[in-house]
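A look at the structure
Here are the chains, one letter per residue:
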Amino acid sequence: MRFTNAIVRTPGRNLMTGLTGADLGKPDYVKACQQHRQYIIALEDCGLEVLVLEADERHPDATFVEDTAVLLPDRAVITRPGAPSRRGETAGIRTTLERYFTRIETITAPGTLDGGDVMQVGRHFFIGLSKRTNPAGAEQLRRILDGCGLSSETVPVTRHLHLKTGVTGIDEETLLATEAFAMQPAFAGRQTLPVPAQEAGGANILVINDKVFLPAGFPGVRRQLLDHGLAVMELDISEFAKLDGGLSCLSLRF
Ligand code: CIR
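Quantities reported herein were computed from a predicted structural model and do not represent experimental measurements.

A few points about the site of the ligand
- The full set close to the ligand counts 13 residues, and Leu19, Asp61, Arg86, Arg132 and Leu243 are the nearest of them.
- Backbone polar atom of Leu19 to a nitrogen atom of the ligand: 2.7 Å apart, as the coordinates give it.
- A total of 350 Å² of accessible area belongs to the ligand in isolation, and the protein chains cover 99% of it.
- A breakdown of the residues in the shell around the ligand according to their chemical character gives five nonpolar, two polar and six charged.

Observations concerning the sheet that holds strand β2 (residues 49-53)
- Reading across the sheet, the three strands line up as β2-β1-β15 and stay open at both edges, with mixed pairing between neighbours. Only two strands of the sheet have a single partner each, and these edge strands are β2 and β15 (252-253).
- Across two bridges, the pairing between strand β1 (residues 5-9) and β15 is antiparallel. Looking at β15, one finds that Ala6 is bridged to Arg253.
- Along the sheet, helix α1 (residues 29-45) contacts β1, β2 and β15; its crossing angle with β1, the most-contacted strand, is approximately 175 degrees.
- With respect to the sheet, helix α2 (residues 90-97) is in contact with β1, β2 and β15, its orientation differing from that of β1 by roughly 150 degrees.

Quick notes on the pattern of salt bridges
- Considering all chains together, one arrives at 15 salt bridges under this definition.
- A salt bridge links Glu239 to Lys31, with the nearest nitrogen and oxygen atoms 3.6 Å apart. One end of the pair, Glu239, is in helix α7 (residues 238-241); the other, Lys31, is in helix α1, with 208 residues separating them in the sequence.
- The network of salt bridges with shared partners includes Asp74, Arg75, Arg103 and Glu105.

A short note on helix α3 (residues 135-147)
- With 13 residues, α3 ought to run about 18 Å at 1.5 Å a step, and its terminal C-alpha atoms sit 18 Å apart, in line with that.
- When α3 is considered as a whole, its buried residues turn out to be Gly137, Ala138, Gln140, Leu141, Ile144 and Leu145. Taken end-on, α3 shows its buried residues confined to a sector of 160 degrees, consistent with a single buried face. Those residues of α3 that are exposed and angled more than 90 degrees off the buried face are Pro135, Arg143, Asp146 and Gly147.
- Those residues of α3 hidden inside the fold are in contact with β3 (69-71), β4 (76-78), β5 (104-106), β6 (118-121), β7 (124-129) and β8 (151-156).

About the criteria used
Residues numbered from 1 in each chain as written. Predicted model: local features only at pLDDT ≥ 70, side-chain atom pairs only at ≥ 80, totals over all residues. Heavy atoms only, no water. Near = heavy atom within 4 Å. Polar contact = N/O pair within 3.5 Å; in protein donor to acceptor, adjacent residues only side chain to side chain. Areas by Shrake-Rupley, 256 points an atom, 1.4 Å probe, with all protein chains shown as cover. Nonpolar A, V, L, I, M, F, W, Y, C, P; charged D, E, K, R; others polar. Pairing = 2+ DSSP bridges. Helix = DSSP H or I, 4+ residues; strand = E, 2+ residues; numbered from the N terminus. Contact = heavy atoms within 4.5 Å. Axes fitted to C-alpha atoms, helices over the stretch in contact; angles between N-to-C directions. Salt bridge = Lys/Arg side-chain N within 4 Å of Asp/Glu carboxyl O. Expected span 1.5 Å × (residues − 1). Buried < 20%, exposed > 50% of the residue type's maximum accessible area, 1.4 Å probe, protein only. Arc of directions from axis to C-beta.

Below is the structure:
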């Protein structure tokens, strides 16, 4: 899968009031903006055209744009985020995506779905059933995917916020996964690079064309990726991790 575009949203000054289950302290707004800038530069270095949306001061978690949409080759699916405080984020994303996609679908009530629970591996999609994504939302997405000739299956998410918090598809055969996911029957038959138990925060990596980005501070994960023959670059996203955010959450890629 090769990407040409990305959409990101500048963090708002309200960032420190975002949702979190992490016990890592409050994010520093200025530092978060610096880290976000480095993230944009990294995407641009991959050859992507990056659309930078302005901060949304009404929605503290709006910088985590990945959760608001699922992008398919011929259409965009606007999600219905599981957290009520995030539902208002989708209106702006819809307007933005209308510039790029002629066909837009929408997850509707009672369904809930966060983009962080949707992992594409080739033409197959894994959909996490989490605190944010419910069976009705997953079923709506399954039908849309089915209509596009794309297969999917659900995966229970019990120990992480989202599916992709704990597992990343590196290529069609290889996953990087925490212990919680390595044993999942859904992932049997694929090679799994294990994330060390004390480095669960390093499971969400970003694979963009031929480049691989890893959050800074996870030497065991870095070693796994290097041993697999991947050239990895580290990005410091400490301020976003304080809000349970990983590398993939900060962009929509297509
Ligand atoms: C939230 O709880 O919704 C945000 N603080 C973090 C969202 C992270 N998104 C993602 O993993 N895709």
